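Residue-level structural notes
Listed here are the chains, written in short residue letters.
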Amino acid sequence: TSLHKVVIFLQIIFLVILAFRQSESLSPFFDEIISITASYNFFTSGNFFVKHYYMESFSASLSSGPISAIGSLLAYFFTDNLVIIRTSNFIYNLLILNVICYFISKSYKLSFFNLAIISNFTLITIPWWFGSLYSLGEVPSVLLFTFSIFIYNINRNVSLFLMGLSIIFGKI
């Protein structure tokens, strides 16, 4: 119904404003720079690395894979404003969650709007939710891994692919 659409729209606006405000208050984080730089290098040169005195390509120090910072990278190409870059990564995670809600609602014949309204708030109830602002891999990996569990009985191959994707390219 149109009421559901309005509620989801207002909820998304609220969540984006909250993420923006939280992004403004966060101080720079070393892992954030590593994640964004390594992901940038992965998508531009195919090599997931950061040049630093103790890191090499595919170093154990790079525990967040390239899918963790796609939202940040898209914003990075248009601006160097760290608050917008962080907020864009939150929006990216919100988009992942809503796509997952759509597919789960179709697979299990649930109301997409009810599922999305409930699920969208989960992004800010996780104790380390602002890790998605830092472009870290916990949130997108958990989203993909959880979705893969829900669809395991429906499409085993896609489920196993998403499990691997969430571990290898999300949070190693």
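Each remark here, short or long, concerns the structure printed above.
Residues numbered from 1 in each chain as written. Predicted model: local features only at pLDDT ≥ 70, side-chain atom pairs only at ≥ 80, totals over all residues. Heavy atoms only, no water.

1. Description of the packing of aromatic side chains
Condition: Pairing of aromatic rings covers Phe, Tyr and the six-membered ring of Trp, with a centre-to-centre limit of 6.5 Å; geometry is then stacked below 30 degrees between planes, edge-to-face above 60, and tilted otherwise. We count a stretch as a helix when DSSP gives it H or I for four or more residues in a row; a strand needs E for two or more, and each element gets its number in order from the N terminus. Think of it in three bands: with a 1.4 Å probe and only protein chains considered, a residue is buried below 20% of the maximum accessible area for its type, exposed above 50%, and partly exposed in between.
By the definition in use, this model includes 13 aromatic pairs. Each ring, one from F29 and one from Y134, has its centre 4.8 Å from the other, and the planes form 45 degrees; the classification is tilted. Note that F29 is positioned in the loop between α1 (2–25) and α2 (30–45) and Y134 in the loop between α5 (112–125) and α6 (138–150), a separation of 105 residues in sequence. Owing to a relative accessible area of 6%, Y134 belongs among the buried residues under this scheme. Ring geometry for F130 versus Y134: centroids 6.3 Å apart, planes at 75 degrees, classification edge-to-face. On the basis of relative accessible area, F130 is assigned to the partly exposed category, the value being 21%.

2. Side note on unusual backbone geometry
Here the phi dihedral of K109 falls at roughly 55 degrees; this positive angle occurs in a residue that is not glycine. The topology assignment puts K109 in the loop between α4 (82–108) and α5. Accessibility expressed as a relative area gives 75% for K109, which makes it exposed. Positioned with a positive phi, S135 is a non-glycine residue whose angle comes to about 65 degrees.

3. A look at the environment of N120
Here is the rule we go by: Residue contacts are counted whenever heavy atoms from the two residues lie within 4.5 Å of one another. Definition of a polar contact: a pair of N or O atoms within 3.5 Å, with one able to donate and the other able to accept a hydrogen when the atoms are protein atoms, and with sequence-neighbouring residues admitted only if both atoms are side-chain atoms.
Following the sequence through the fold, N120 ends up in helix α5. Spatially, the C-alpha atom of N120 lies 8.3 Å from that of L15, the residues being 105 residues apart in sequence. Beyond its immediate chain neighbours, meaning those up to four positions away, N120 contacts Q11, I12, L15, L94, L97 and N98. Within polar-contact distance, the side chain of N120 engages the side chain of Q11 at 3.0 Å.

4. Quick notes on the nonpolar core
The following threshold applies: Here, nonpolar core refers to any group of buried Ala, Val, Leu, Ile, Met, Phe, Trp, Tyr and Cys residues whose side-chain atoms link them within 4.5 Å.
F90, L123 and L143 are the most contacted members of the largest nonpolar core, which totals 27 residues. Of all elements in the fold, only α1, α4, α5 and α6 reach the threshold of two or more residues within this core. By residue number, the principal contributor to this core is α4, which donates 8 residues. Discounting residues that sit within four places of it in the chain, F90 has contacts with L15, V16, A19, L123, I124, W129, S132 and L133.

5. Description of the side chain of S119
Position of S119 among the secondary structure elements: in helix α5. The exposure class of S119 is buried, given its relative accessible area of 12%. Of note is the side chain of S119, whose polar atom sits 2.8 Å from the backbone oxygen of L115.

6. Quick look at the pattern of salt bridges
Where side chains of opposite charge bring their charged atoms close, a pairing between them can arise. Put simply, the rule reads: The term salt bridge refers to a pairing of a side-chain nitrogen on Lys or Arg with a carboxyl oxygen on Asp or Glu at a separation within 4 Å.
Enumeration over the complete set of coordinates arrives at 1 salt bridge. Of the charged contacts in the structure, one is a salt bridge between R86 and E32, with a shortest N-O distance of 2.7 Å. Highlighted residues: R86 in helix α4 and E32 in helix α2, separated in sequence by 54 residues. When its relative accessible area of 1% is taken as the criterion, R86 is described as buried. Residue E32 is classed as buried on the basis of its relative accessible area of 0%.

As far as function goes, none of this settles anything; it's purely spatial.
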